[in-house]
Structures are given as C-alpha cells and as structure tokens.
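The lines below spell out each chain.
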Amino acid sequence: MTRSIGGTALQETTMEKVYREVFGGTIVSDCRNFRLEMRSPDGKIRYYSLKASDKNVARKEAVALVHNMVEQFQDERIIWRMAGDKNWSIGSATSHAAKPSMFKRFVDYFFLVED
C-alpha cells in the first residue's frame, strides 16, 4: 500500500502495515510525543506516555502523575524526568517556575514601581 504526503507517493513500511492492521490507525496520528521516566522506591523503572501535545502541559501532567504516585507509595523518594531531559526531579516538587523576561528585569532594575 502506498500513502501520499505532499503529492509524493511513499511506500508503507512494515511497522505501519502491522499497526494499521492490528490497531486500526496510523502511526502519525496516534503517536504520543512526551514520555515520563520514573524510578520508584522499590527500584523499578517505569515509562509513561503523556497525552499532552505541548511540553508545558505535558510537564504539568507529569507533575500530577508523580504527585499521585508519591501519595500511593507514601514516600517522597520517587525520582523522575521527562524523556530527553538530563536533570532528574525528586518527588512532585519542581523548580520550573516562569522566568521573568529580559524587558521585565530591565524595567524592574531601572524603574522602581511602587504598589
């Protein structure tokens, strides 16, 4: 079977054929982009696919998932990271707060705004 992308006919790969026949879908439309890697206190490594299509939303979803796992294990020693990240986070606390823009820092530095 061939498929057309941008007017160019491409041959269907074996993986695409198996996925289409077994699961009834296409890899492109059903593929999840973000994954969570988690190490639990009992030493197991688990991988979870996240439903979000945006990285910030995926990170929030991951924090919620880790928070639920922390409550389930009754322990804060769960370490996790998003697939592709180099830094690990411990528990459900994250330090990914929004950094003020350069313009905002410039204005705050030179102009004192009183409330």
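Residues numbered from 1 in each chain as written. Predicted model: local features only at pLDDT ≥ 70, side-chain atom pairs only at ≥ 80, totals over all residues. Heavy atoms only, no water.

## Considering the packing of aromatic side chains
Right, so step 1: Evaluated as defined, the whole model comprises 2 aromatic pairs.
Right, so step 2: On the basis of an interplanar angle of 90 degrees and a centroid distance of 4.9 Å, the ring pair of Tyr 109 and Phe 110 is categorised as edge-to-face. For the residue pair Tyr 109 and Phe 110, the accessibility class agrees, reading exposed in each case.
Right, so step 3: Taken together, the ring pairs in this structure connect Phe 106, Tyr 109 and Phe 110 into an aromatic cluster. (Phe/Tyr/Trp six-rings, centres within 6.5 Å; stacked < 30°, edge-to-face > 60°. Buried < 20%, exposed > 50% of the residue type's maximum accessible area, 1.4 Å probe, protein only.)

## Examining the pattern of salt bridges
Right, so step 1: Scanning the entire structure with this criterion turns up 5 salt bridges.
Right, so step 2: With a closest N to O distance of 2.9 Å, Arg 59 and Asp 85 form a salt bridge. Taken together, the residues span a long stretch of sequence, with Arg 59 in helix α3 (residues 55-73) and Asp 85 in the loop between β5 (79-82) and β6 (89-90) at a distance of 26 residues.
Right, so step 3: Lys 104 serves as the salt-bridge partner of Asp 108, at 3.6 Å between the closest nitrogen and oxygen. Here Lys 104 and Asp 108 lie together in helix α4 (residues 102-110), a separation of 4 residues that amounts to about one turn. (Salt bridge = Lys/Arg side-chain N within 4 Å of Asp/Glu carboxyl O. Helix = DSSP H or I, 4+ residues; strand = E, 2+ residues; numbered from the N terminus.)

## Points about α3
Right, so step 1: Taking 1.5 Å as the rise per residue, α3 with 19 residues should run 27 Å; its terminal C-alpha atoms sit 26 Å apart, in good agreement.
Right, so step 2: Inspection of α3 places Ala 58, Arg 59, Ala 62, Val 66, Met 69 and Val 70 among the buried residues, and these make up the whole buried set. One face of α3 carries all of its buried residues, which in axial projection span an arc of 115 degrees. Of the exposed residues in α3, the ones pointing more than 90 degrees away from its buried face are Asn 56, Lys 60 and Gln 72.
Right, so step 3: Taken together, the buried residues of α3 touch β3 (34-39), β4 (45-50) and β5.
Right, so step 4: At the C-terminal side of α3, Gln 74 shows a positive phi close to 55 degrees. (Expected span 1.5 Å × (residues − 1). Arc of directions from axis to C-beta. Contact = heavy atoms within 4.5 Å.)

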